[in-house]
Amino acid sequence: MKRVLFFALLAGMQMANAQESHEGYTQKIEGTSLEFTMEAIPGGEFTMGSASSKEADEKPAHRVKIDPFWMGTYEVTWNLFEPFLYKDYEITKSIDGEIPAEVDAVTRPTKPYLDMTFGFGKDNQPALAMTHYNAIQFCKWLYIRTGVFYRLPTEAEWEYACRAGSETAYFFGDDASSLSEYAIYSENADGKTAKVGTKKPNPWGLYDILGNVSEWTYDQYDADYYQNFQEGVADNPVNQPTKLYSHSVRGGSFESDANALRSAARDASDPVWKQLDPQIPKSNWWFPEAPFVGMRLVRPVQPPSHQEIMEYYDKAPLKDF
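It should be emphasised that the depicted structure is a prediction, and the values quoted were computed from it without experimental measurement. (Residues numbered from 1 in each chain as written. Predicted model: local features only at pLDDT ≥ 70, side-chain atom pairs only at ≥ 80, totals over all residues. Heavy atoms only, no water.)

**Student:** How would you explain the overall build of the protein if you had to name every residue and give the values?
**Tutor:** In terms of helices and strands, the protein carries 7 helices and 11 strands. Taken against the 2.2 N^0.38 rule, which gives 20 Å for 321 residues, the C-alpha radius of gyration of the protein at 19 Å falls within 12% of a compact globule. The principal-axis extents of the C-alpha atoms in the protein amount to approximately 55 × 50 × 35 Å. A total of 321 residues make up the protein; the buried ones form 53% of that total. Expressed as a percentage of contacts within the protein between residues at least 6 apart in sequence, the contacts between residues at least 24 apart total 76%. Just so you have it, the protein exposes about 13,900 Å², and 51% of that area is on carbon and sulfur atoms. Computing the positive centroid from 30 side-chain charges and the negative centroid from 46, the protein places the two 4 Å apart. (Helix = DSSP H or I, 4+ residues; strand = E, 2+ residues; numbered from the N terminus. Rg over C-alpha atoms; globule rule 2.2 N^0.38 Å. Buried < 20%, exposed > 50% of the residue type's maximum accessible area, 1.4 Å probe, protein only. Contact = heavy atoms within 4.5 Å. Areas by Shrake-Rupley, 256 points an atom, 1.4 Å probe, with all protein chains shown as cover. Lys, Arg positive; Asp, Glu negative; His and termini not counted. Charge placed at Lys NZ, Arg CZ, Asp CG, Glu CD.)

**Student:** Before we move on, can you summarise the nonpolar core with the specific residues and values?
**Tutor:** If you look at the biggest cluster of nonpolar residues, it comprises 54 residues, and the most contacted ones within it are Phe81, Phe138, Trp141, Trp216, Met295, Leu297 and Tyr313. Put simply, the parts of the chain that give this core at least two residues each are strand 2 (35–41), helix 2 (78–85), helix 5 (132–146), strand 6 (214–220) and helix 7 (306–313). Examining the composition of this core, we find that 7 residues originate from one element, helix 5, more than from any other. With residues near it in sequence (within four places) discarded, leucine 297 still touches Phe36, Met38, Trp70, Met71, Gly72, Val76, Phe138, Cys139, Leu142, Tyr150 and Arg151. (Core = buried A, V, L, I, M, F, W, Y, C linked by side-chain atoms within 4.5 Å.)

**Student:** Give a description of the sheet that holds strand 2 that names residues and reports values.
**Tutor:** Pairing in this open sheet of 4 strands is antiparallel, and the strands run 1-2-5-11 from one edge to the other. Of all the strands in the sheet, the pair left with one neighbour each is strand 1 (25–28) and strand 11 (298–300). Taking the axes of each pair of neighbouring strands and ignoring which way they run, one obtains an average angle of 30° across the sheet. Of the strand pairs in this sheet, strand 1 and strand 2 are connected by 4 bridges, and their pairing is antiparallel. Counterpart to glutamine 27 in the pairing with strand 2 is phenylalanine 36. (Pairing = 2+ DSSP bridges. Axes fitted to C-alpha atoms, helices over the stretch in contact; angles between N-to-C directions.)

Written as structure tokens, this is what we have:
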């Protein structure tokens, strides 16, 4: 307990310094050899959606205000995700070979019956095929480990960070011929993911924000959601999830064509992603037919209270029959 409290206090001091400067930083997971980097995303306004798109769920284009936050430089990799997945693996990554009781008490995923890497490899490869619930529980594990509130981005935060101040179809312009410089997608993927960071980042330092794996957002997917914002400026909008399906995913993947990688393009989780799952009820943790979905972390500059944080993490999973 004392060790966890010390790490939480240390993390709190680091958080206060980072909040004051709002600069990118490296998050070390004390007591382990694990770390990851976060980029500072400035607050501001942008136009969300696309007035010229043929996709109805991207309309109407509307103005949105976003508070500053941090976002993961890279998609979460197996290097970071696997210690949460397997207790034994976490022990091997711990300097003294021990796990604090509070960390050990966090509910871990059931071990998948398939190879959830799908043969793509693990080292610096994006973790994938986790459910929305699984992704949030990973964020809880990080919170207990670090004392810092990490979560999924809202759909609005994701598009704002992806655009990085641009108003074009892609953050680098409207011409998709340059896409291969920035993204792993159907034209250059060879049917699999790539190690994170192998392509150019967007102007705010985010690698693979397009392609490689699609990324979970927190929002419930609603094709008509933008209809709520036809006038004025939406202030940090989030469509609170209340149902198992569907949740919004963004960015396209190694399987996607160029159109699906546009900054405004939206997609949604689908029960078909569990069609092969033989369990009844189906797993809360894995999508055995979704090797194309992963996650990226967000941390708000102004964190909620501990009670609000735990309410975010501790929503009971809905059974998937």
